[in-house]
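Fold and contact review
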Amino acid sequence: MSQQDHSEENLLPVQSPVIQQQVENSTLDGGMQAAIGNDNIQIQGDSNVITFNKTEILQISVTEIKTRKFIETSPYKGLKKFEPEDKDLFFGRDQFLTSLVNELEQTNLVLLLGASGSGKSSVVRAGLVPWLFQKYGTQLVNLTFTPDVDPFESLYANLLSKNTQSQAKIAREAKADTLTQVVTRLKQADDYWFILIDQFEELFTTSQPEKRERFIASLVQLAKAKLPKVKIMATMRADFLDKLSPYPALVKTTDKHRPLIAEMQLDELRLAIEQPAAHHGVVFETGLVEEIIKDVQGQAGYLPLLQYTLNLLWDTEVKNGSINDRTLNISTYRQLGGVRGALQQRVDNIYEDLSAQEKIATQRIFLKLVDIGGDEDSGIEWKPVRRRAPRSEFSDELEQAVLAKLINNNLLVSDQVLQFQQSTVEVAHETLLTSWTKLNIWIKENRQAIAIRNRLNDDVARWKVKKTEDELWTGSKLEKVLELRTDATFNQVLGGFSGTANLFIDDSLGLRDRQLRKARRIAVGGLILTALAATGGIFGFFNQQESQKRSIIAYTQSTEAFLGTGKQLDAMIEAIKAAKQLNYLLIDKDEVSTKVLGALQQV
């Protein structure tokens, strides 16, 4: 046996077909012992018994695996999500899948929580959905979507794959009863509907506030309706749980049904690493799996990074021909930098192959796809999070060319939506935001500008729909964007503001000027009344002079501070100063009135 082969004591578990009986101490080729178990879970619900078949584990020799048909295509997903068609390559989550099935039998709305990179989307897409297809067959209607800017529009787009436009358009009504109406009007009596709202946190980071409010109300109403054969599951990052506080009805509805997906146990992690390769007829060199497991332990959200590294390891072995011996090698893994260094090394290599101008465009692209979570000013630690951006934000010709390169290299993901919808772009996984040192530095250096720009873009999107003044910016917010608009670094590194955003800023400036002129008129009008009342009091009641003087001085000083000292206000300021001295110089009150009225005409 070669140095790269396993010893006979190292048996590799692989997934077997469903077995109808218990088999113990079976003998395989080479005298290896096999333990085959048919560990089924039975769950009572929906007036029948559901049998959930856990992964069948068969201990076989390395030789047996190497005699399987060799499939050269990588069995690992890289930074992409697992999908239902990847079910045969999805391993290690049997126990958790059993718990999810149990949740669905107890309620019709489940909120699945987990950290970024914990695999919550994959376990539903590649685990639960295929199981439902196996159980219900053609009766299963699977609706999977992310909220995005408008969750009702996302649902509408998904419905179009199974319904006509006239049927699906009900989703666009965006009312509190919309989801219930969609189900009652479109669902066939025998159908089993499974609605998956993936990345539920987008309701709080991306969706328009008014659409979020209506969608959550609509979701709660559908859950309370308890329609037969309708199940809803939403996946959400656990750190967004506090965002549910303003929605007590949703909190109550999901109160006892918020399972938390935890890190894999060591035996589960081993399955997730070894089984996909075994499925394609390939094994790992002795000690390599242990080294990989050691490298990922203690890392938050390591699963996408693990998948990326295994995919890169596989592709590298195929490229250099060393996979011909059906073994993934430790030496190749170490050359790639292991799990910790593989992604950064890969992205750095892609980045270094770009021209100087392409590198600047790459920086702008990535910083457009980042949002800032948390708020240090409020005592909440900030952190970078993914942002899905409409493709129209990348209007520059160079940006579009670089964007295509980054998508082709699986660093960015562009959605596959219908033609009538605007396509979007996002970072393949949030792991990139922290694992790529260069990007992490860019974010830290520009995080305040990023936060302001993204907040502006969100308000611009709403303003484009309504075109109302109450959507425009004033005060310190407007001052910050005006400062950014003339900042050379902001314009070069972050690409400045879009044309629509600049129109929004210009309209905000117009609103500010109108408000300022109105405020000046009100202030001067008040000053006239104060000054005239004061002068009248001086001539009529000497014992009130000190009180009158203090009132005039306090009011005129605050007015001066508000109105400034521009040339157009010189006449009014002269009148103000004259009014301050009224208790000492008995100036004719008509003279003061004339000066103040003259100042008012110039404002």
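Structure shown above.
Now for a quick tour of the structure. (Residues numbered from 1 in each chain as written. Predicted model: local features only at pLDDT ≥ 70, side-chain atom pairs only at ≥ 80, totals over all residues. Heavy atoms only, no water.)

Right, let's get into the side chain of Asp459. For Asp459, the location among the structural elements is in helix 18 (residues 437-466). A relative accessible area of 9% means that Asp459 is categorised as buried. A distance of 2.6 Å separates polar atoms of two side chains, one belonging to Asp459 and the other to Trp473. Excluding anything up to four places from it in sequence, Asp459 contacts Glu471, Trp473, Lys477 and Phe504. (Helix = DSSP H or I, 4+ residues; strand = E, 2+ residues; numbered from the N terminus. Buried < 20%, exposed > 50% of the residue type's maximum accessible area, 1.4 Å probe, protein only. Polar contact = N/O pair within 3.5 Å; in protein donor to acceptor, adjacent residues only side chain to side chain. Contact = heavy atoms within 4.5 Å.)

What follows covers the sheet that holds strand 7 (residues 109-114). Strand order across the open sheet formed by four strands is 7-10-9-8, with parallel pairing between neighbours. Here the strands that pair on one side only, and so sit at the sheet edges, are strand 7 and strand 8 (140-145). Across the sheet, the mean angle from the axis of one strand to that of its neighbour is 15°, orientation sign disregarded. The pairing of strand 9 (residues 192-197) with strand 10 (residues 230-237) spans five bridges and is classified as parallel. Looking across to strand 10, one finds that Trp193 is bridged to Val230. Sitting on the sheet, helix 4 (residues 151-159) is in contact with strand 8 and strand 9, with an inclination near 140° to strand 8. (Pairing = 2+ DSSP bridges. Axes fitted to C-alpha atoms, helices over the stretch in contact; angles between N-to-C directions.)

The next thing to look at is the pattern of salt bridges. Counting across every chain of the model gives 26 salt bridges. Between Arg334 and Glu291 there is a salt bridge, with its nearest N and O atoms 2.8 Å apart. Here Arg334, found in helix 13 (residues 330-335), pairs with Glu291, found in helix 11 (residues 288-296); they are 43 residues apart in sequence, far enough to count as distant. With relative accessibility at 52%, the residue Arg334 sits in the exposed group. (Salt bridge = Lys/Arg side-chain N within 4 Å of Asp/Glu carboxyl O.)

Our focus in this paragraph is the side chain of Thr206. Structurally, Thr206 is set in the loop between helix 7 (202-205) and helix 8 (209-225). One polar contact links Thr206 to Thr205, side chain to side chain, over a distance of 3.2 Å. If near-sequence neighbours (up to four positions away) are discounted, Thr206 is found in contact with Asp148 and Val149.

Formed by 80 residues in total, the largest nonpolar core has its most connected members in Phe284 and Leu412. If one sorts the elements of this core by residue count, helix 12 (residues 302-320) sits on top with nine residues. If we skip the residues at most four places from it in the chain, Leu412 touches Ile365, Phe366, Leu369, Leu403, Leu406, Ile407, Val425, Glu426, Val427 and Ala428. One finds Leu143, Val230, Ile232 and Leu244 within the second-largest nonpolar core, a separate group that totals 39 residues. (Core = buried A, V, L, I, M, F, W, Y, C linked by side-chain atoms within 4.5 Å.)

A separate point is helix 18. With 30 residues, helix 18 ought to run about 44 Å at 1.5 Å a step, and its terminal C-alpha atoms sit 41 Å apart, in line with that. Directly beyond the C-terminal end of helix 18, a positive phi value near 55° is found at Lys467. (Expected span 1.5 Å × (residues − 1).)

Packed helices, taken two at a time, are described by the angle their axes make and the gap between the axes. Orientation of helix 4 relative to helix 6 (residues 178-186), taken along the N-to-C sense of each, is 15°, at an axis distance of 12 Å. With respect to each other, helix 4 and helix 6 are oriented roughly parallel. In the crossing of helix 4 with helix 6, the sense of the turn from one axis to the other is right-handed. Within the contact between the two elements, helix 4 uses Phe152, Leu155 and Leu159 and helix 6 uses Thr178, Leu179, Val182 and Leu186. For the contact of helix 4 with helix 6, the residue count by class is six nonpolar, one polar and no charged. (Parallel < 35°, antiparallel > 145°, perpendicular 65-115°, else oblique. Left-handed = near helix turned anticlockwise from the far one by under 90°. Nonpolar A, V, L, I, M, F, W, Y, C, P; charged D, E, K, R; others polar.)

This part is about the pairing of strand 9. Among the six residues that make up strand 9, six are buried, leaving the element largely enclosed by the rest of the structure. Because side chains alternate across strand 9, one face comprises the buried residues Tyr192, Phe194 and Leu196, and the other comprises Trp193, Ile195 and Ile197, equally buried. Bridge analysis of strand 8 against strand 9 gives six bridges, and the strand direction is parallel. Looking at strand 9, one finds that Leu140 is bridged to Tyr192.

With that settled, consider empty space enclosed by the protein. Gaps left between atoms show up when a probe the size of a water molecule is rolled over them. Counted under the stated rule, the structure contains three cavities of 30 Å³ or more. The calculated volume of the largest cavity comes to roughly 640 Å³. Around the largest cavity, the lining is made up of 41 residues, and of these Lys81, Gly117, Gly119, Ser121 and His429 lie nearest the centre. Secondary structure elements with two or more residues in the lining of the largest cavity: helix 3 (120-136), helix 7, strand 10, helix 10 (266-279), helix 12 and strand 14 (380-386). Examining the composition of the lining of the largest cavity, we find that four residues originate from one element, helix 12, more than from any other. Here the residues of the lining of the largest cavity sort into 15 nonpolar, 13 polar and 13 charged. (1 Å grid on protein atoms, 1.4 Å probe; cavity = no way out; pocket = protein on both sides within 12 Å on 5 of 7 lines; lining within 4 Å. Points joined across faces, edges and corners; volume = space filled by probe spheres on them.)

In short, the description is geometric, and any link to function would need to be established separately.
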